[in-house]
Amino acid sequence: MNNFTFHNPTELLFGKGMIKQLGDRVKKFGNSVLLVTGGGSVKRIGLYDEVIGILNENGIDIHEVSGVKPNPRIDKVREGVKICRENNVDLVLGVGGGSTIDTAKSIAAGVKFDGDPWEMFTMDGEPDKAIPVGAVLTLAATGTEMNGNAVISNLETNEKLAIHTPAVNPRFSILDPVYTCTVPEEHTVYGIVDIAAHVYEQYFSHTPGTPVQDRWAESILITLREESKKVLDNPEDYEARANIMLCGTMALNGLIAMGKETDWASHAIEHELSAFYDIPHGGGLAIIFPNWMKYVMDEGLDKFVQYAVRVFGVSTDDKTDREVALEGIEKTRQWFNEMGAPSRLADYNIGEEKLEIMAESAVSNKELGGYKKLTKDDVYQILKMSL
Ligand SMILES: NC(=O)c1ccc[n+]([C@@H]2O[C@H](COP(=O)([O-])OP(=O)(O)OC[C@H]3O[C@@H](n4cnc5c(N)ncnc54)[C@H](O)[C@@H]3O)[C@@H](O)[C@H]2O)c1
């Protein structure tokens with residue numbers, strides 16, 4: 001295990017009715033809020049009215065940015081920064097899924113950033129200041145509710161890039177699984193795939209001596225498999241929704257990455273797909289991940305054997321390590337397929353046209369991969385396997 005420091009400053013308020021704590025939490029940071037919401041789902045589920053009611057009851061001034069789209073855009077960040085500066089906003093409150101909360105985080109950092117907010121995503125280094133952020137999560141997927149990441153797209157440059165800074169870790173995050181009961185089936189599935197993908201990026205690592213982290217990761221994957229069946233059979237199964245939500249948070253809050261090298265190549269490849277084709281992040285990951293696994297498994301079969309045996313119960317009898325590893329990967333594809341996730345780029349009508357330019361862009365200015373370092377040609381091969 002490598003040396004590490006772990007500090008996660010986000011206060012998690014988890015469970016039915018925890019929204020009641022919102023006024024108290026917001027008032028710790030001041031009395032002027034920028035409320036950031038998406039395309040309307042928070043209104044349809046009644047959460048918007050509830051949040052406005054609580055903020056009003058507590059005498060908090062409300063400013064708003066609404067209409068954040070999936071694969072959120074930099075223009076909404078610019079809009080929010082302007083409003084915050086003009087109104088001396090004390091806290092940016094994101095209410096919605098990852099796209100909305102990432103926008104809230106980027107606005108909070110943009111307020112303290114001297115320059116156009118897009119420069120925070122393209123510059124060397126990370127922004128290190130932000131005004132406080134709060135989150136009310138409505139979709140289990142990204143882990144953004146308890147981390148310092150925010151992913152934003154720029155449609156003019158076909159780029160989807162991230163910032164990573166503890167400055168934007170939400171000061172508090174309210175997670176009521178009831179809100180996730182209305183997430184449509186396809187986004188529920190994309191969320192589950194995204195959570196599994198976060199685990200894979202940290203699980204497949206060459207760092208030796210990490211049995212605790214490995215078993216935490218495996219427990220998230222096994223729980224996800226069990227609960228995904230329940231939630232797809234009954235979308236209002238509270239316990240299943242709650243367990244999936246907790247999996248999402250624990251998959252990307254630093255816990256399972258303690259003392260390990262991590263990978264993130266598949267996420268970078270998927271970000272190219274989302275940037276060029278505006279496809280759902282989880283849908284892109286479902287296509288890419290099993291192909292990435294096949295492409296890199298020979299760099300360290302032992303971890304893939306462990307994954308196959310522990311997560312899918314694959315028997316090792318009379319099989320080579322390679323056969324066991326491949327069976328684990330096939331079971332991964334089967335699990336994603338059974339949930340109805342896409343399996344080929346053709347499912348999004350994506351052909352060969354832009355594979356080369358996406359491969360080039362994925363490796364530009366950065367080293368890609370950890371389990372296997374990937375060159376442009378490696379990325380191209382993985383995309384080609386995914387057609
Ligand atoms: N910050 C991070 O750590 C991190 C990690 C992974 C991915 N991401 C990014 O997050 C974004 C994806 O976020 P996401 O997966 O949470 O989805 P999302 O926020 O894009 O939402 C997907 C859809 O679900 C709808 N929705 C949300 N909650 C709902 C509810 N309760 N009921 C009905 N509909 C609801 C939204 O309106 C939207 O149409 C991508 O841009 C991805 O790249 C961020």
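Computed from a predicted structure; not experimentally measured.

A. Structural context of the sheet that holds strand E5 (residues 133-137). If you trace the six strands from one edge of the open sheet to the other, you get E1-E8-E5-E4-E2-E3, paired in parallel fashion. Each having just a single partner strand, strand E1 (11-14) and strand E3 (61-65) make up the two edges of the open sheet. Neighbour to neighbour, the strand axes of the sheet diverge by 20° on average, direction disregarded. When strand E4 (residues 91-96) meets E5, the two strands line up parallel, connected through five bridges. Bridged to valine 92 within E5 is valine 133. The sheet strands contacting helix H3 (residues 47-57) are strand E2 (32-36), E3, E4 and E5, and the helix crosses E3 at an angle near 150°.

B. The arrangement of the UniProt feature "domain: Fe-containing alcohol dehydrogenase-like C-terminal" (unreviewed entry) in the protein in detail. Under the UniProt annotation, "domain: Fe-containing alcohol dehydrogenase-like C-terminal" (unreviewed entry) lies at residues 188-386. Helix makes up 66% of residues 188-386 and strand makes up 0%, while its end C-alpha atoms are separated by 22 Å.

C. Structural detail: the nonpolar core. Residues Tyr200, Trp292 and Phe304 are the most contacted members of the largest nonpolar core, which totals 72 residues. If you count residues domain by domain, this core takes at least three from each of domain 1 (11-179) and domain 2 (184-385).

D. Representation of the side chain of threonine 207 in the model. Its place among the elements puts threonine 207 in the loop between helix H7 (185-203) and helix H8 (211-233). A polar atom in the side chain of threonine 207 sits 2.9 Å from the backbone nitrogen of glutamate 261. With near-sequence residues (within four places) excluded, threonine 207 lies in contact with Met1, Asn2, Gly259, Lys260 and Glu261.

E. Region of interest: the site of the ligand. Of all residues adjacent to the ligand, which total 28 residues, the nearest are Gly98, Ser99, Thr138, Tyr179 and Thr182. A distance of 2.6 Å separates an oxygen atom of the ligand from a polar atom in the side chain of serine 99. With respect to the ligand, the backbone of tyrosine 179 contributes an N or O atom lying 2.8 Å from a nitrogen atom. Relative to its free-state accessible area of 870 Å², the ligand is covered by the protein chains to the extent of 88%. Secondary structure elements with two or more residues in the shell around the ligand: helix H5 (98-111), strand E6 (149-154) and H7. Residue composition of the shell around the ligand, by class: ten nonpolar, 15 polar and three charged. The two domains that each donate at least three residues to the shell around the ligand are domain 1 (11-179) and domain 2 (184-385).

The rules behind each value
- Residues numbered from 1 in each chain as written.
- Predicted model: local features only at pLDDT ≥ 70, side-chain atom pairs only at ≥ 80, totals over all residues.
- Heavy atoms only, no water.
- Pairing = 2+ DSSP bridges.
- Helix = DSSP H or I, 4+ residues; strand = E, 2+ residues; numbered from the N terminus.
- Axes fitted to C-alpha atoms, helices over the stretch in contact; angles between N-to-C directions.
- Contact = heavy atoms within 4.5 Å.
- UniProt positions renumbered as here; feature names shortened; annotations may be inferred.
- Core = buried A, V, L, I, M, F, W, Y, C linked by side-chain atoms within 4.5 Å.
- Buried < 20%, exposed > 50% of the residue type's maximum accessible area, 1.4 Å probe, protein only.
- Domains from an automatic or database assignment.
- Polar contact = N/O pair within 3.5 Å; in protein donor to acceptor, adjacent residues only side chain to side chain.
- Near = heavy atom within 4 Å.
- Areas by Shrake-Rupley, 256 points an atom, 1.4 Å probe, with all protein chains shown as cover.
- Nonpolar A, V, L, I, M, F, W, Y, C, P; charged D, E, K, R; others polar.

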